[in-house]
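What follows is the residue order along each chain.
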Amino acid sequence: MLGKGEAAGQAHLHKDDDGGEQPSGVVKLISAEGFEFVVDKKAAMVSNTLRNMLTSPGGFSETREGEVRFPEISTPILEKICQYFYWSLHYSSGKETSEFQIEPEITLELMMAANYLDT
């Protein structure tokens, strides 16, 4: 997971329709404040809502651009959601277990966002 202004590291690049380069296999999630989180597409697919947005036929901008804006989700909440995506991938096999830590002061806002994202 990368924040705005951070290097993509080892992400593979491909040419987009405009001739620019975009990381393949990643999705950009943008918070209400405009902070950009670049996450692996596999991690984003933990959310059924994101899966539907990114894989639906019909030429939706989220599918074409690999970018989803969340005008109602704040940066700290979206960051926690991205952390959950990776936590869920890591522990989905059930071989290992670990609690996902949630700070009490963000619980309500996080639950509302998780409900919207169907995670």
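Looking up the protein in an unreviewed UniProt entry gives the name Elongin-C, with the organism given as Leersia perrieri. Looking at the Sequence similarities (unreviewed entry) heading of the UniProt record, one finds this comment for the protein: "Belongs to the SKP1 family." One UniProt comment on the protein, placed under Pathway (unreviewed entry), says "Protein modification; protein ubiquitination."

1. Section: helix α5 (residues 107-117)
By the burial criterion, the buried members of α5 are L110, A113 and L117. Down the axis, α5 shows its buried residues gathered within 65° of arc, on one side only. Facing away from the buried surface of α5 by more than 90 degrees, the exposed residues are L108, M111, M112 and N115. Its buried side turned inward, α5 meets α2 (48-55) and α4 (75-91). Downstream of α5 by one or two residues, D118 has phi in the positive range, about 55°.

2. A short note on the pattern of salt bridges
Evaluated as defined, the whole model comprises four salt bridges. When the shortest N-O distance is used, the salt bridge between E67 and R69 registers 3.3 Å. With a relative accessible area of 57%, R69 lands in the exposed category. A salt bridge links E103 to K80; the nearest nitrogen and oxygen atoms lie 3.4 Å apart. Within this pair, whereas E103 is found in the loop between α4 and α5, its partner K80 is found in helix α4, the two being separated by 23 residues in sequence. For K80, a relative accessible area of 9% gives the class buried.

Reading guide: rules and limits
Within every chain, residues take consecutive numbers counted from 1 along the sequence as written. Restriction of local features to residues with pLDDT of at least 70 applies here, the model being predicted, together with a cutoff of 80 or more for giving and counting side-chain atom pairs; totals for whole chains, interfaces and linings are based on all residues. Each side-chain value is worked out from all heavy atoms of the structure, with water and hydrogens disregarded. UniProt positions are given in the numbering used here, feature names are shortened, and annotations may be inferred rather than shown by experiment. Only protein chains enter the area calculation, which uses a 1.4 Å probe; residues under 20% of their type maximum are buried, those over 50% are exposed, and those in between are partly exposed. Numbering of helices and strands runs from the N terminus; a helix is a DSSP stretch of H or I covering at least four residues, while a strand is a stretch of E covering at least two. This arc is taken over the directions from the axis of the helix to the C-beta atoms. Contacts are residue-level and defined by heavy atoms, with any inter-residue pair within 4.5 Å sufficient. Any Lys or Arg side-chain nitrogen located within 4 Å of an Asp or Glu carboxyl oxygen qualifies as a salt bridge.

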